[in-house]
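Residues per chain are reported as follows:
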Amino acid sequence: MDIELLRNPRTPRQAALGLLRQLYLEDLLDVTLNASIPADLRRVAEDAVINRIPALALGERVSMARRCTGRVAGVLLLDREIRVVDTALSNGRLTEELVVKALSMEAIAVEAVEKIAGHARWSLAYGVRLALLRQPLTSLGRVLGLAPLVKRNDLVEISGDPPMPVERRLYLIRLAKQGR
């Protein structure tokens, strides 16, 4: 019933916001995925879902990662449990931009970085490759495999990143100078 009221374009915004606060997590997820609900209300519902993530059990987070919006899946990439990250990476709504954003966060776990680097879909995305090279937690083996696949100008730019480990910086500069 509450979702029907949210769908109705005549429902006042304040009333709709009040309804969102009363919804269970599953209903909030339904709201975030329902295109007939105004975008601003879906965004508020997404924020509410994201705020509830820390209190959820492992199974609930895994289940959520399977069917949530891309933005929520992007947040779940920062989860410490690798099963949640693995499931979020397979979410069809997850975008390259959200994966790159997660890779730029300090809160990301080493295991999540490795999962992204080894993922069949995301390891092929050029923006993700750049983000992996920029991420200090990316293993040296991954860096050695990714760097030759990146344009020379991008290697030069990445090597100038302040948090870049010294050995990696020197390797990227040397590779860029080889004039590939």
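A brief structural summary. (Residues numbered from 1 in each chain as written. Predicted model: local features only at pLDDT ≥ 70, side-chain atom pairs only at ≥ 80, totals over all residues. Heavy atoms only, no water.)

Observations regarding the pattern of salt bridges
Working step 1: In total, this model carries 10 salt bridges according to the counting rule given.
Working step 2: Residue R71 is joined to E46 by a salt bridge in which the shortest nitrogen-to-oxygen separation is 3.0 Å. With R71 in helix α6 (residues 70-76) and E46 in helix α4 (residues 39-52), this pair connects stretches of sequence that are 25 residues apart.
Working step 3: Note on R71: relative accessible area 23%, which makes it partly exposed.
Working step 4: One continuous salt-bridge network, built from bridges that share partners, spans E26, D30 and R67. (Salt bridge = Lys/Arg side-chain N within 4 Å of Asp/Glu carboxyl O. Helix = DSSP H or I, 4+ residues; strand = E, 2+ residues; numbered from the N terminus. Buried < 20%, exposed > 50% of the residue type's maximum accessible area, 1.4 Å probe, protein only.)

Details of the packing of aromatic side chains
Working step 1: Within this structure, the stated rule accounts for zero aromatic pairs.
Working step 2: We note K151 situated over the ring of Y126; from NZ or CZ to the ring centre the distance is 5.5 Å. (Phe/Tyr/Trp six-rings, centres within 6.5 Å; stacked < 30°, edge-to-face > 60°. Lys NZ or Arg CZ within 6 Å of the ring centre and 35° of its normal.)

A short note on the environment of G59
Working step 1: Mapped onto the elements of the fold, G59 is located in helix α5 (residues 58-67).
Working step 2: When the C-alpha atoms of G59 and S159 are compared, they prove to be 40 Å apart, with 100 residues separating the residues in sequence.

Considering the side chain of D79
Working step 1: Its location among the elements puts D79 in the loop between α6 and α7 (82-89).
Working step 2: Using a relative accessible area of 12% as the deciding quantity, one classes D79 as buried.
Working step 3: Those residues in contact with D79 that sit more than four places away from it in its chain are R61, V84 and V85. (Contact = heavy atoms within 4.5 Å.)

Topic: the nonpolar core
Working step 1: If you look at the biggest cluster of nonpolar residues, it comprises 59 residues, and the most contacted ones within it are L6, L20, M64, L76, L103 and I116.
Working step 2: Element by element, the count of residues in this core is highest for helix α10 (residues 126-134), at five residues.
Working step 3: Aside from chain neighbours lying at most four places away, what touches L76 is I53, R61, M64, A65, C68, V84, V85 and A88. (Core = buried A, V, L, I, M, F, W, Y, C linked by side-chain atoms within 4.5 Å.)

Things to note about helix α9 (residues 110-118)
Working step 1: Those residues of α9 lying buried are A112, V113, I116 and A117. Buried residues of α9, seen end-on, are gathered within an arc of 135° and therefore sit on one face of the element.
Working step 2: In this structure, the buried residues of α9 make contact with α7, α8 (96-103), α10 and α11 (140-146). (Arc of directions from axis to C-beta.)

With respect to the side chain of N91
Working step 1: Its location among the elements puts N91 in the loop between α7 and α8.
Working step 2: The exposure class of N91 is buried, given its relative accessible area of 2%.
Working step 3: Within polar-contact distance, the side chain of N91 engages the backbone oxygen of A65 at 3.0 Å.
Working step 4: In contact with N91, other than residues within four places in its own chain, are A65, R66, R67, C68, T69, A73 and R121. (Polar contact = N/O pair within 3.5 Å; in protein donor to acceptor, adjacent residues only side chain to side chain.)

What to know about the packing of α5 against α7
When two helices pack together, their arrangement is given by the angle between the helix axes and the distance between those axes.
Working step 1: Taken N-terminus to C-terminus, the directions of α5 and α7 make an angle of 10°; their axes are 8 Å apart at the nearest point. Classified by the angle their axes make, α5 and α7 are roughly parallel. In this structure, α5 uses L58, R61, V62, A65 and R66 to contact α7, whose residues at the interface are R83, V84, T87 and A88.
Working step 2: For the contact of α5 with α7, a count of residues per class yields five nonpolar, one polar and three charged. (Axes fitted to C-alpha atoms, helices over the stretch in contact; angles between N-to-C directions. Parallel < 35°, antiparallel > 145°, perpendicular 65-115°, else oblique. Nonpolar A, V, L, I, M, F, W, Y, C, P; charged D, E, K, R; others polar.)

Don't take any of this as a statement about function, it's just geometry.
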